[in-house]
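# Close look at the chain arrangement
So the chains spell out like this:
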Amino acid sequence: MGEVRFMISEAAKQVHVEAHVLRYWEDELDLKIGRTEMGHRYYTEDDIQLFRCIQRLKDEGVMLKDLKPMIHELTIAKEKLTEPKETAKLPANVTSTDITKKEVDSADVIPITQLEQVRNLIGDVLTEVVTENNKTLETNISKKVTQDVLREVDFLFQANERQEEEHYRKLDTLIRQQQTIRKEAVKDTPLTRLRKILT
């Protein structure tokens, strides 16, 4: 039985992203995704695992452009580990049963643990990169937030000053109007009118 293949919609559900995101990652990271005879994409368990890893790293703040070289190296390492070794041809007079256990043990076999070691190594490297990136982001975000908060406080302070200035200007205008009205009221009293008439 061959490897399990998933169509793009099924793979997208497993990675918890939209199908167009998988196509975008495939293009941006130059991933080699298998195609059916009709040209449709299909994804293996390894592809889905890689996409999950990419999703986790993206959630941690790693940019796709930073992942591209790592993915390329991972792909090369995987191909080296999974490419079939050329089997030695036995001489005509030797059968496969004539090969001793010692000869089998000394054969050039890549154990599965090496693949796990490569995965762990890449995971450690990615974790280190993400940690350093997070520290840098934390510093940059802290500076940016501080600047934005100071700018906002300054803006609010200036706006408050403008409001107070406008309030006092209106109050001054009202006081002046009241004073003018009172002066006019004093000028128009009956006693002042009588004086004006007599003079």
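Quick note: structure is the one above.
Residues numbered from 1 in each chain as written. Predicted model: local features only at pLDDT ≥ 70, side-chain atom pairs only at ≥ 80, totals over all residues. Heavy atoms only, no water.

### Topic: the overall build of the chain
- Check the secondary structure of the chain and you find 7 helices and 3 strands.
- For the chain, the α and β elements follow one another from N to C terminus as β-α-α-β-β-α-α-α-α-α.
- Taking all 199 residues of the chain together, 16% fall into the buried category. (Helix = DSSP H or I, 4+ residues; strand = E, 2+ residues; numbered from the N terminus. Buried < 20%, exposed > 50% of the residue type's maximum accessible area, 1.4 Å probe, protein only.)

### A few points about the packing of helix H1 (residues 8-15) against helix H3 (residues 45-59)
- Relative to each other, H1 and H3 sit at 45°, their axes nearing to 9 Å. It follows that H1 is oblique to H3 by the angle criterion. As for the relative orientation of H1 and H3, their crossing is right-handed in sense. Between H1 and H3, the residues in contact are Ala11, Gln14 and Val15 and Ile48, Phe51, Arg52 and Gln55, respectively. (Axes fitted to C-alpha atoms, helices over the stretch in contact; angles between N-to-C directions. Parallel < 35°, antiparallel > 145°, perpendicular 65-115°, else oblique. Left-handed = near helix turned anticlockwise from the far one by under 90°. Contact = heavy atoms within 4.5 Å.)

### Notes on the side chain of Gln55
- Relative to the assigned elements, Gln55 resides in helix H3.
- Taking relative accessible area as the criterion, Gln55 reaches 19% and is therefore assigned buried.
- Residues in contact with Gln55, not counting those within four places in the same chain, are Val15, Val17 and Trp25.

### A closer look at H3
- Compared with an ideal rise of 1.5 Å per residue, which puts 15 residues at 21 Å, H3 spans 21 Å between its outermost C-alpha atoms and is within 8% of the ideal.
- Of the positions making up H3, those classed as buried are Asp47, Ile48, Leu50, Phe51, Ile54, Gln55 and Leu57. (Expected span 1.5 Å × (residues − 1).)

### So, the packing of aromatic side chains
- Per the counting criterion, the structure on display carries 2 aromatic pairs.
- Plain terms: the ring middles of Tyr43 and Phe51 are 5.7 Å apart, the flat faces sit at 65° to each other, and that makes the pair edge-to-face.
- Here the aromatic cluster, defined as three or more aromatic residues joined through ring pairs, consists of Trp25, Tyr43 and Phe51.
- Lying across the ring of Tyr42, Arg5 places its NZ or CZ 3.9 Å from the centre. (Phe/Tyr/Trp six-rings, centres within 6.5 Å; stacked < 30°, edge-to-face > 60°. Lys NZ or Arg CZ within 6 Å of the ring centre and 35° of its normal.)

### Details of unusual backbone geometry
- In the Ramachandran plot, His16 falls in the positive-phi region, its phi being about 70° despite a non-glycine side chain.
- Its identity as a non-glycine residue notwithstanding, Asp30 has a phi of 55°, on the positive side.
- With respect to the helices and strands, Asp30 occurs in the loop between helix H2 (19-28) and strand E2 (34-35).
- With relative accessibility at 52%, the residue Asp30 sits in the exposed group.

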